[in-house]
Amino acid sequence: MPLFKEFTKKATIAFAGVVLCSAMIFRAENIVLAEEVDNTVYLGQRGLSNLFSLGFPQSRRVGSWNRNSGIAGAGRVWFRGFGNLTTSELENGNGDFSANGGGVTIGADRQIGRNFLWGGGIGGTWVSAECKTPGNSTDVSAIFGLIYGRIQLQRLYFDVEGNVAGTENKIGLRGANSYQYSSTQGGYGIESGTWWENGLAKIEPYIGLRQAFYDDRSESDGVKTTSVLGCRYSWKTIGKLAVVSPRLYAGWLHEWGDLDLINAAMFVDSPVVYRIDNVLLKKDRFFCGGGFTSNLGSSLDLYLRYTAEIASEFSAHTLLLGMNWNF
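Quick caveat: nothing in here was measured; it's all calculated off a predicted structure.

Cut-off values and rules
- Residues numbered from 1 in each chain as written.
- Predicted model: local features only at pLDDT ≥ 70, side-chain atom pairs only at ≥ 80, totals over all residues.
- Heavy atoms only, no water.
- Helix = DSSP H or I, 4+ residues; strand = E, 2+ residues; numbered from the N terminus.
- Buried < 20%, exposed > 50% of the residue type's maximum accessible area, 1.4 Å probe, protein only.
- Contact = heavy atoms within 4.5 Å.
- Salt bridge = Lys/Arg side-chain N within 4 Å of Asp/Glu carboxyl O.
- Core = buried A, V, L, I, M, F, W, Y, C linked by side-chain atoms within 4.5 Å.
- Phe/Tyr/Trp six-rings, centres within 6.5 Å; stacked < 30°, edge-to-face > 60°.
- Lys NZ or Arg CZ within 6 Å of the ring centre and 35° of its normal.
- pLDDT = per-residue confidence, 0-100.

Visitor: Looking at this structure, how should I read the overall build of the chain?
Guide: The number of helices and strands found in the chain is two helices and 16 strands. Out of the 327 residues belonging to the chain, those deemed buried represent 51%. Considering only intrachain contacts with a sequence separation of at least 6, the fraction spanning at least 24 residues in the chain is 63%.

Encoded structure:
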């Protein structure tokens, strides 16, 4: 895969260059806008929502940019949908693995006091996965629920999430009849970080941990533990109809537990994991991505995110679309 490795190298260099250039460009714009627009600071403080916490329920509202941040009683109803495509060459070289899936989630959260937010949601996920050699396949459908909360201090935030899911699995084996079984899953996630903001630009380094407990009647139980170390960079542009916030992010994922449990999609609400015979997840993966949030009027937020996970002979691509109604 020399072309893929070369592409990965160039993409990493390009991403770093974009972040550096954007920081310098928007640092210069900050000075101009601060002089020309009297209400720039107000729009910046009330106009943006931190809508995409990687791997968590996208609920936290970090920093002074966020709509209704620190306002007791403020809340929102949210909806998100995603699609995912994963491809990998098997470690033993016997064939290729591919999977595609999607899902939707709907939920709500509410601010309690100035420093605490809590919420919950329900959703569904489907995945169709295939190992071309020896010809095994897995189809998974799941319904899940989650609850989450956030504590935000002066320059530090802490997120926590709990989830539970029930799945139906259909297994196909070459030369044998397919069979079905049910599984249950539960898990939690934590994330903590800080942020620095200067006018129209913000950077957010963070660290997180997710753990999934997998149980079914036909295969061995499993525990999947994933850590994430990353950084988000965002800036804002103030237009006549909307406040738009482009965003870039990158980081590193490491698997500490069973490698035969595969994520339906890593950077969305869905906590679902599944197995397919002879396929192991890559232990270390680099991720990067970007998107934008558009704040329309006083209540509506629309956003889009694209994220890529990359490792040797492995790639996963996730596209997420979402909407918030703030009240």
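From this point, things continue past the structure.
Visitor: What exactly am I supposed to notice about the pattern of salt bridges here?
Guide: Counted under the stated rule, the structure contains nine salt bridges. What emerges from the salt-bridge pattern is a single network uniting Glu191, Lys202, Glu204, Arg232 and Arg247.

Visitor: Help me understand the nonpolar core in this model?
Guide: The nonpolar side chains of a soluble globular protein tend to be buried, and buried together. The biggest cluster of nonpolar side chains holds 23 residues, and the ones touching the most others in it are Phe97, Ile262, Val272, Tyr274 and Ile276. Those elements that place two or more of their residues in this core are β2 (96-112), β3 (116-131), β4 (136-152) and β16 (314-326). In terms of residues, this core owes the most to one element, β4, which gives five residues.

Visitor: What am I meant to see in the packing of aromatic side chains here?
Guide: The geometry of an aromatic ring pair comes down to the distance between the two centres and the angle between the two planes. Taken as a whole and assessed by the stated rule, the structure comprises three aromatic pairs. A ring pair is formed by tryptophan 78 and tyrosine 148, whose centres lie 6.4 Å apart and whose planes are at 45°; its orientation type is tilted. On the criterion of sequence distance, the pair formed by tryptophan 78 in strand β1 (residues 75-89) and tyrosine 148 in strand β4 is long-range, its members being 70 residues apart. The class for tyrosine 148 is buried, based on a relative accessible area of 5%. Taking 6.5 Å as the distance between ring centres and 35° as the angle between the ring planes, the aromatic pair formed by tyrosine 188 and phenylalanine 213 counts as tilted. With tyrosine 188 in strand β6 (residues 179-193) and phenylalanine 213 in strand β8 (residues 201-216), the pair connects residues that are 25 residues apart, well separated along the chain. The exposure class assigned to tyrosine 188 is partly exposed, which follows from its relative accessible area of 30%. Judged by relative accessible area, which is 39%, phenylalanine 213 ranks as partly exposed. Sitting over the ring of tryptophan 78, arginine 80 keeps its end group 3.8 Å from the ring centre. Between arginine 232 and the ring centre of tyrosine 206, over which it is positioned, the NZ or CZ distance is 3.8 Å.

Visitor: How should I be thinking about the environment of lysine 170 in this particular structure?
Guide: Position of lysine 170 among the secondary structure elements: in strand β5 (residues 157-172). Separated by 30 residues in sequence, lysine 170 and valine 140 place their C-alpha atoms 6.6 Å apart. Residues within four places of lysine 170 in sequence aside, it is in contact with Ser137, Thr138, Asp139, Ser178, Tyr179 and Gln180.

Visitor: I would appreciate a short explanation of the confidence of the model for the chain in the present structure.
Guide: Any residue range with low pLDDT should be treated as having predicted coordinates unsuitable for detailed reading. With 72% of its residues at a pLDDT of at least 70, the chain reaches an overall mean of 76. The low-confidence segment residues 1-65 (pLDDT under 50) makes 154 contacts with residues lying over four places distant or belonging to another chain.

Visitor: Help me understand the environment of leucine 241 in this model?
Guide: Note that leucine 241 resides in the loop between β10 (237-238) and β11 (242-255). For the pair leucine 241 and asparagine 295, spaced 54 residues apart in sequence, the C-alpha to C-alpha distance is 8.8 Å. The contact partners of leucine 241, leaving out residues within four places of it in the chain, are Asn295 and Leu296.

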